[in-house]
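# Structural characterization, general
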Amino acid sequence: MIGIYGGTFDPIHYGHLRSALEVMEALGLEEVRFLPLRQAVHRQQPHASAPQRLAMVQAALTGQPEFRADETELGRTGPSYMIDSLQHLRETLPGQTLCLLLGSDAFNSFMDWRQPEEIADLCHIVVMQRPGYWLPEEPRLRALVQERNTQSLGALLNATGGQIYFQPVTQLDISATDIRRRVVNAQSPRYLLPDSVIRIIREQNLYAGYH
Ligand code: ATP
């Protein structure tokens, strides 16, 4: 099984890295692909450029061979839709089980994504969250969870996609927004993200004009 971790990664931080590691170990994933999106669809555009965010992801993943940066979305023009990336990954990884890793905040707005049902067919969705089963309030998302939820690892292994699985992860209250704010306020972001990423932020003077 391969994990797909999408995000803006503006910048990547320990909240992303730690949750990816815990899911990889819990599910026995062969690898986790970090997929920086080029152009956001449902949120403000990233502040650092696509090559800068990719460089930060690559720096952060050094030394963890199962973690790979995936440039699928960066090479595309126009908005980054997860359905397009997954269809592409499906073609390049035939027969592989794909697990889309989503924080509970991202999962909450999942029904606003383009073709959510098709995404849920193409891969398993692994919701990284606080311990415990949780039923979302939004009726369509609630129905999707009721229809596809499994607590069995075997069910994930037996199909290439289609299930929703809740995986508890250590809660690290770190966000890229907070890191950008610290950088622009000349506060140290140290211990929230890898030093190698901080080095790139400093060298390239990223987020200087962030407000
Ligand atoms: P921003 O503050 O700019 O919105 P972010 O820190 O939330 O950024 P994203 O790149 O937008 O990071 O997030 C990508 C994915 O990572 C989403 O699925 C999100 O839920 C998850 N994620 C972000 N921060 C954490 C965290 N601290 N712990 C676990 N998952 C996280």
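The structure displayed is predicted, hence computed values, not measured ones.

## A word on the packing of aromatic side chains
Tallied over the full model, the rule gives seven aromatic pairs. Ring pairs connect the aromatic residues Tyr 5, Phe 9, Phe 34 and Phe 67, which therefore count as one cluster. One cation-aromatic arrangement involves Arg 114 over Tyr 81; the distance from NZ or CZ to the ring centre is 3.9 Å.

## Focus: the pattern of salt bridges
Enumeration according to the criterion identifies 11 salt bridges in this entry. In this structure, the salt-bridge partner of Asp 121 is Arg 148, at a minimum N-O distance of 2.8 Å. With Asp 121 in helix H5 (residues 116-122) and Arg 148 in helix H6 (residues 139-148), this pair connects stretches of sequence that are 27 residues apart. Classification of Asp 121 as partly exposed rests on a relative accessible area of 48%. For Glu 138, the salt bridge is made with Arg 140, and the minimal N-O distance between the two is 3.9 Å. Classification of Arg 140 as partly exposed rests on a relative accessible area of 47%. Here the salt bridges share partners, and the residues they tie into one network are Glu 31, Arg 33, Arg 68 and Asp 70.

Cut-off values and rules
Residues numbered from 1 in each chain as written. Predicted model: local features only at pLDDT ≥ 70, side-chain atom pairs only at ≥ 80, totals over all residues. Heavy atoms only, no water. Phe/Tyr/Trp six-rings, centres within 6.5 Å; stacked < 30°, edge-to-face > 60°. Lys NZ or Arg CZ within 6 Å of the ring centre and 35° of its normal. Salt bridge = Lys/Arg side-chain N within 4 Å of Asp/Glu carboxyl O. Helix = DSSP H or I, 4+ residues; strand = E, 2+ residues; numbered from the N terminus. Buried < 20%, exposed > 50% of the residue type's maximum accessible area, 1.4 Å probe, protein only.

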